[in-house]
Amino acid sequence: MSLEAHIFQRLSGDGQVRSIASDRIYPIQWEQNLQPPAVVYQIISKESNQSHDGPDGLATSHVQFNCIAKDYDTTVALKEAVRLSLQGYTGTLEGTEIQSCECENDFDDDFSSDAELYRRILILAISHDETQR
């Protein structure tokens, strides 16, 4: 299972995230015809770990979570639910092992007056096994 699929499984199985976003959890981009609140996530960088013998099979991916809602309070609540679901998480799901998950950044984006949406951005560093079994 890919890291992205692991993230989706974790978030879609979290009661607090689902209570706010329902099933609106998307990789890369948000479908334009759907209504917020929603979570859109993507890997923005990945660093493969090296040992003296070459790649060691581990990597750290920096994942950006865009928490989008029509009001600021819901945006913040959704961001917090995502953070609580993933920060400090370790586990293996269908062969993909996550060894650590740490919050690197958390900030507001500009209010989109055209779409009347708020966005809160959360960036997590996730250390994981990069080999898929």
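Whatever comes next refers back to the structure up there.
All of the points below concern the structure found in this document. (Residues numbered from 1 in each chain as written. Predicted model: local features only at pLDDT ≥ 70, side-chain atom pairs only at ≥ 80, totals over all residues. Heavy atoms only, no water.)

The subject of this paragraph is the pattern of salt bridges. Considering all chains together, one arrives at seven salt bridges under this definition. Ionic pairing is found between Glu80 and Arg83, a salt bridge with its closest N-O pair at 2.3 Å. You can see Glu80 and its partner Arg83 sitting in helix H3 (residues 72–86), three residues apart, about one turn around the helix. The partner of Arg120 in a salt bridge is Asp108, and the shortest N-O contact between them spans 3.1 Å. Residue Arg120 is located in strand E6 (residues 118–129), and its partner Asp108 is located in strand E5 (residues 96–108); the two are separated by twelve residues in the primary sequence. For Asp108, a relative accessible area of 39% gives the class partly exposed. (Salt bridge = Lys/Arg side-chain N within 4 Å of Asp/Glu carboxyl O. Helix = DSSP H or I, 4+ residues; strand = E, 2+ residues; numbered from the N terminus. Buried < 20%, exposed > 50% of the residue type's maximum accessible area, 1.4 Å probe, protein only.)

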